[in-house]
Amino acid sequence: MSAGRTRPAPASAPLSGWMEEVRRGLAAHPRRPAEEKKDLRRAGVLVPLFVRDARLWILFTRRTESVEHHRGQISFPGGGAEPDDENLLATALRETEEELAIAPADVILLGALSPIETVTGYYVEPYVAAVPQPYVWRPAQAEIAEVIEAPVAELMDPAILEKKPMPGREGTILFYHYGKHVIWGATARIFAEMAEALR
């Protein structure tokens, strides 16, 4: 799926107020460089945002127990690159359409976050995008066990963030406790950077 099928958000585009605010925050936030090592599998994820009832929301998925990687974990829609993908944005859009039936043409790209490396051997590029509302999520049953919508402001509450070390991992690991869900790992790292950019 070509990345050109998205609706880009150049500075001259007539965006709604919240989209412009997010776009400016991401543009002003310095991205941390990451070396794309040859032994890492390339991947792209989409960080979908939308406004409902005058609040900014973010969308996550919980993977089924039958997928090959990250079973049962909360993640952003996305996945590994395929040979026909033009770039990792195209990967993120293709995977998002496969997982949730969000058409690439409906996605409004707002910016990108720092690429990250995961302990499972992936080099991941995250892309932040707006999704129009109302929109019907149609999760692929074989891959997605649950679609999770969360208000961004609630996830930015320091009271729900836990930081602790884990055996075999460097540094402190982030855990966001949202209701019955725990968002951690690469997904938590991506969200934390986005939250930093929006503050």
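Up top is the structure.
**Comments concerning the overall build of the chain**
- A count of helical and extended segments in the chain gives four helices and 11 strands.
- The long-range fraction of contacts in the chain, counting pairs at least 24 apart against all pairs at least 6 apart in sequence, stands at 66%.
- If you sum the accessible surface of the chain, you get close to 10100 Å²; carbon and sulfur atoms cover 51% of it.

**Re the sheet that holds strand β9 (residues 161–164)**
- Taking strand neighbours across the sheet as the criterion, the three strands line up as β9-β10-β11 in an open arrangement whose pairing is antiparallel. Bordering the open sheet on either side are β9 and β11 (181–184), each of which pairs with just one other strand. Ignoring strand direction, the axes of neighbouring strands in this sheet form an average angle of 25 degrees.
- Judged from the four bridges that link them, β9 and strand β10 (residues 173–178) form a sheet pairing that is antiparallel. Looking across to β10, one finds that K164 is bridged to I173.

**Here we look at the pattern of salt bridges**
- Applying the stated criterion across every chain, the model contains 11 salt bridges.
- Its salt-bridge partner being R23, residue E20 comes within 2.8 Å of it at the nearest N-O pair. Remark: R23 and E20 occur in helix α1 (residues 17–28); sequence separation between them is three residues, near one turn of the helix.
- Residue class for E20 comes out buried when judged on its relative accessible area of 14%.
- A salt bridge links D85 to R94; the shortest N-O distance between them is 2.9 Å. Neither D85 nor R94 differs from the other in exposure class; each is buried.
- If you follow the salt bridges from partner to partner, you end up with D85, R94, E95 and E98 in one network.

**Considerations on the environment of V22**
- By the secondary structure assignment, V22 is in helix α1.
- V22 gets classed as buried once you look at its relative accessible area, which sits at 4%.
- In this structure, the C-alpha to C-alpha distance between V22 and G111, residues 89 residues apart in sequence, is 8.3 Å.
- With near-sequence residues (within four places) excluded, V22 lies in contact with L49, L56, L110, V128 and L198.

**Describing the layout of surface pockets**
- Considered as a void within the structure, the second largest pocket measures approximately 170 Å³ in volume.
- Considering the residues around the second largest pocket, the lining is formed by W18, E21, V22, G25, V51, L56, V152, M156, A197 and L198.
- Every element with two or more residues in the lining of the second largest pocket is listed here: α1 and α4 (185–198).
- Considering each element in turn, the lining of the second largest pocket owes the most residues, four residues, to α1.
- Grouping the constituent residues of the lining of the second largest pocket by class yields eight nonpolar, one polar and one charged.

**Looking at the packing of aromatic side chains**
- Inspection of every chain in the model, using the stated rule, returns six aromatic pairs.
- Here F50 and W137 contribute two aromatic rings whose centre-to-centre distance is 5.7 Å and whose plane-to-plane angle is 55 degrees, an arrangement assigned as tilted. Placement of F50 in strand β1 (residues 41–52) and of W137 in the loop between β7 (122–130) and β8 (144–151) is noted, with a sequence separation of 87 residues between them. Take F50 and W137: they sit in the same class, and that class is buried.
- Here a set of aromatic residues connected by ring pairs shows up, and it is made of F50, W57, Y135 and W137.
- In this structure, R52 is placed above the aromatic ring of W57, and the distance from its NZ or CZ to the ring centre is 5.5 Å.

Definitions and limits used
- Residues numbered from 1 in each chain as written.
- Predicted model: local features only at pLDDT ≥ 70, side-chain atom pairs only at ≥ 80, totals over all residues.
- Heavy atoms only, no water.
- Helix = DSSP H or I, 4+ residues; strand = E, 2+ residues; numbered from the N terminus.
- Contact = heavy atoms within 4.5 Å.
- Areas by Shrake-Rupley, 256 points an atom, 1.4 Å probe, with all protein chains shown as cover.
- Pairing = 2+ DSSP bridges.
- Axes fitted to C-alpha atoms, helices over the stretch in contact; angles between N-to-C directions.
- Salt bridge = Lys/Arg side-chain N within 4 Å of Asp/Glu carboxyl O.
- Buried < 20%, exposed > 50% of the residue type's maximum accessible area, 1.4 Å probe, protein only.
- 1 Å grid on protein atoms, 1.4 Å probe; cavity = no way out; pocket = protein on both sides within 12 Å on 5 of 7 lines; lining within 4 Å.
- Points joined across faces, edges and corners; volume = space filled by probe spheres on them.
- Nonpolar A, V, L, I, M, F, W, Y, C, P; charged D, E, K, R; others polar.
- Phe/Tyr/Trp six-rings, centres within 6.5 Å; stacked < 30°, edge-to-face > 60°.
- Lys NZ or Arg CZ within 6 Å of the ring centre and 35° of its normal.

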